[in-house]
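Listed here are the chains, written in short residue letters.
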Amino acid sequence: AQSVTQLGSHVSVSEGALVLLRCNYSSSVPPYLFWYVQYPNQGLQLLLKYTSAATLVKGINGFEAEFKKSETSFHLTKPSAHMSDAAEYFCAVTRGGSQGNLIFGKGTKLSVKP
Amino acid sequence: DGGITQSPKYLFRKEGQNVTLSCEQNLNHDAMYWYRQDPGQGLRLIYYSQIVNDFQKGDIAEGYSVSREKKESFPLTVTSAQKNPTAFYLCASSARRALQETQYFGPGTRLLVL
């Protein structure tokens, strides 16, 4: 069965520092992986997705993620944090079989200190 | 301007009352989804629909019902059987219910119990 684990429910970085949000997945089939961002009291917005075309995926707002099959990971990074990056981030994997439904991790809340 | 709208933004439910959350999309998407979000729990799938007049239960369907009479509309009813309805409800849609398809989210409805 597919599952997603996000390590760290809260991550705090200083403005200008590297952002690293961790996501590990479990999948019995080649996975499709997604990162979404959620600002307070809003819906989710897609940051990027991995669909097997390239292992390094670039997304919006300067974020990128690298698919590492050997480590079953899809960590999200950004070289330099900005105050506007403060939000909650969700990693998701497509449920297996013929379904297109997503299984979400529990989220990581990112705080950015000035 | 294409997108997903959810109404109302806030909804209050009294004991024993059924309430209906609205979700409308003008993206011409075939598939629509309802998720429930609780703090620290990520998103959990309630119901999904691949096509008009067809819908399937997700992981936590008990106490909820849906209909899909029109392609653009997927209302969710929270029935009195749902004993813990307080949560943030998110509607999403995708062009198709396929593994690599991106789900696009509405702004959400927060349901509170009086």
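Below you will find a few notes about this structure. Along every chain, residues carry numbers that run from 1 in the direction the sequence is written. For this description, chains carry letters from A and ligands carry numbers from 1, given in the order in which they are written. Under the rules for a predicted model, residues below a pLDDT of 70 receive no local features and side-chain atom pairs below 80 are neither given nor counted, while totals for whole chains, interfaces and linings still include all residues. Excluding hydrogens and water, the side-chain values take into account all heavy atoms of the structure.

## Some remarks on the nonpolar core
All names here are of chain A. Here is the rule we go by: In plain words, nonpolar cores are sets of buried Ala, Val, Leu, Ile, Met, Phe, Trp, Tyr and Cys residues tied together by side-chain atoms within 4.5 Å. When a residue's accessible area, from a 1.4 Å probe over protein chains only, is under 20% of the maximum for its type it is buried; when over 50% it is exposed; and in between it is partly exposed. In this description a helix means any DSSP run of H or I spanning at least four residues, a strand means any run of E spanning at least two, and both kinds are numbered starting from the N terminus. The contact criterion used throughout is that any non-hydrogen atoms of two residues lie within 4.5 Å.
Core analysis: the largest hydrophobic core is formed by 27 residues, its most contacted members being Trp35, Leu48, Phe74, Leu76 and Tyr89. When contributions to this core are tallied by element, the ones reaching two or more residues are β2 (10-14), β3 (19-26), β4 (33-38), β5 (44-50), β7 (64-68), β8 (73-78), β9 (87-94) and β11 (108-113). If we ignore the near neighbours within four places in the chain, the residues touching Tyr89 are Gln6, Leu21, Trp35, Tyr36, Val37, Leu47, Phe63, Leu76, Gly107, Thr108 and Leu110.

## Quick look at the interface of chain A and chain B
Interface size is commonly expressed as the accessible surface area that is lost when the partners come together. Defined as follows: Reported buried area values correspond to the accessible surface (1.4 Å probe) lost by two parts on association, with both partners' losses combined. Criterion for a salt bridge: a side-chain nitrogen of Lys or Arg within 4 Å of a carboxyl oxygen of Asp or Glu. Two N or O atoms count as a polar contact when they lie within 3.5 Å, although within protein this holds only if one can serve as hydrogen donor and the other as acceptor, and sequence-adjacent residues are included solely when both atoms are side-chain atoms.
Tallying the contact residues gives 24 residues for chain A and 24 residues for chain B. Of the roughly 1,900 Å² buried between chain A and chain B on both sides combined, carbon and sulfur atoms contribute 48%. Contact with chain B buries surface across chain A, with Asn41(A), Asn101(A) and Phe104(A) losing the most and accounting together for 25% of the total. Summed over the shared surface of chain A and chain B, the result is 0 salt bridges. Taken together, the connections running from chain A to chain B amount to 4 residue pairs in polar contact (both at pLDDT 80 or more). Elements with a contribution of two residues or more to the side of chain A that touches chain B: β4, β5, β9 and β10 (102-104) of chain A.

Remember, this is a structural readout, not a statement about activity or role.
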